[in-house]
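The primary structure of each chain is shown beneath.
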Amino acid sequence: QVQLVESGGGLVQPGGSLRLSCAASGSIFSINVMGWYRQAPGKQRELVAVITNGGSPNYADSVRGRFTISRDNAERTVFLQMNSLKPEDTAVYYCNARLRESKLTYEDSYWGQGTQVTVSS
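First, a word on scope: everything that follows refers to the structure included in this document. Predicted model only: the values in this text are computed from it and were never measured.

1. Quick word on the overall build of the chain
Piece 1. Tallying secondary structure elements over the chain gives 0 helices and 11 strands in all.
Piece 2. Seen in sequence order, the chain has helices and strands lined up from the N terminus as β-β-β-β-β-β-β-β-β-β-β.
Piece 3. In terms of overall size, the chain behaves like a compact globule, its C-alpha atoms giving a radius of gyration of 14 Å where 121 residues would be expected to give roughly 14 Å.
Piece 4. When the backbone C-alpha atoms are referred to their principal axes, the chain occupies close to 50 × 25 × 25 Å.
Piece 5. If you take every contact in the chain between residues at least 6 apart in sequence, the share linking residues at least 24 apart comes to 55%.
Piece 6. Counting every atom, the chain has about 6500 Å² of accessible surface; 47% of that belongs to carbon and sulfur.
Piece 7. Across the chain, the 12 positively charged side chains and the 10 negatively charged ones have centroids separated by 2 Å.

Put into structure tokens, the structure is as follows:
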């Protein structure tokens, strides 16, 4: 069974930084894209940043230049370094991975349980 476990959320003042981590574990044959999404109260879940297994990142316009996504393929972990945080970054952040559990299965999408990020003075 595949699990994605996030850590690193919390409360930070505007202009501050946080680093999120997400580790994938369980029956995993290969991982393709890993990424982060977020959902603020009353809003739809939105993409924050994704990164391919080759290391190519893609960012939402709202975070480009402030957030940096990276991954450690050997540890099956993806990171999100968030700098210059703003109150509008407040949301539950979800880790996502598109992976195959075995060479006999198709790629599927998996989600973590979410971690709260609150930016407030």
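2. Let's talk about the sheet that holds strand β3 (residues 18-25)
Piece 1. One open sheet accounts for 4 strands, arranged β1-β3-β8-β7; its pairing is antiparallel. At either margin of the open sheet sits one strand with a lone partner, and together these are β1 (3-7) and β7 (67-72). Along the sheet, successive strands turn relative to each other by an average axial angle of 15°, direction set aside.
Piece 2. Here β1 runs beside β3; their pairing, made up of 5 bridges, is antiparallel. Across the sheet, Ser7 pairs through a bridge with Ser21, a residue of β3.

3. So, the packing of aromatic side chains
Piece 1. By the definition in use, this model includes 1 aromatic pair.
Piece 2. Between Tyr37 and Trp111, the aromatic rings sit 5.1 Å apart at their centres with planes inclined by 65°, giving edge-to-face as the arrangement. Placement of the pair is Tyr37 in strand β4 (residues 30-39) and Trp111 in strand β10 (residues 108-111), with a sequence separation of 74 residues.
Piece 3. Residue classification places Trp111 among the partly exposed positions, given a relative accessible area of 38%.
Piece 4. A cation over an aromatic ring shows up here: Arg45 above the ring of Tyr94, its NZ or CZ 3.7 Å from the ring centre.
Piece 5. For Arg45, the ring lying beneath its charged end belongs to Trp111, and the centroid distance is 4.6 Å.

4. Observations regarding the pattern of salt bridges
Piece 1. Taken as a whole, this structure holds 5 salt bridges when the rule is applied.
Piece 2. One salt bridge connects Glu46 with Arg38, and the closest N-O pair in it is separated by 2.7 Å.
Piece 3. A residue is classified by how much of its surface remains accessible, and Arg38, at 6% relative accessible area, is buried.
Piece 4. A salt bridge links Asp89 to Arg66, with the shortest nitrogen-to-oxygen separation between them at 2.8 Å. With Asp89 in the loop between β8 (77-82) and β9 (91-100) and Arg66 in the loop between β6 (57-59) and β7, the pair connects residues that are 23 residues apart, well separated along the chain.
Piece 5. One connected set of salt bridges, linked through shared partners, spans Arg38, Glu46, Arg66 and Asp89.

Parameters and conventions
Every chain is numbered on its own, with residues counted from 1 as its sequence reads. Local features in this predicted model are restricted to residues of pLDDT 70 or higher, and side-chain atom pairs are both shown and tallied only at a pLDDT of 80 or more, whereas totals for entire chains, interfaces and linings draw on every residue. Side-chain descriptors were evaluated using all non-hydrogen atoms of the structure, hydrogens and water having been removed beforehand. Strands here are runs of E lasting at least two residues and helices are runs of H or I lasting at least four, both read from the DSSP assignment and numbered beginning at the N terminus. Note on method: radius of gyration uses C-alpha positions; expected globular size equals 2.2 Å times residues raised to 0.38. We call two residues contacting when some pair of their heavy atoms lies within 4.5 Å. Each accessible area is a Shrake-Rupley estimate made with a 1.4 Å probe; only the visible protein chains count as cover when residues are assessed. Working convention for charge: Lys and Arg count positive, Asp and Glu count negative, and His plus the chain ends are omitted. Here the site of a charge means NZ on Lys, CZ on Arg, CG on Asp, or CD on Glu. Note: two strands are recorded as paired if DSSP finds a minimum of 2 bridges between them. For every element, the axis is a line fit to its C-alpha atoms; helices are fit only across the contacting stretch, and the angle between N-to-C directions ranges from 0 to 180 degrees. Stacked, tilted and edge-to-face are the three classes applied to pairs of Phe, Tyr and Trp rings, where Trp contributes its six-membered ring and a pair requires centres within 6.5 Å; stacked means planes under 30 degrees apart, edge-to-face means over 60, and tilted covers the rest. Each residue is placed in one exposure class: buried if its accessible area under a 1.4 Å probe, protein chains only, is under 20% of its type's maximum, exposed if it is over 50%, and partly exposed if it falls in between. Placement of a charge over a ring requires the Lys NZ or Arg CZ to be within 6 Å of the ring centre, with the centre-to-atom vector within 35 degrees of the ring normal. Salt bridges, as used here, are contacts in which a Lys or Arg side-chain nitrogen is within 4 Å of a carboxyl oxygen on Asp or Glu.

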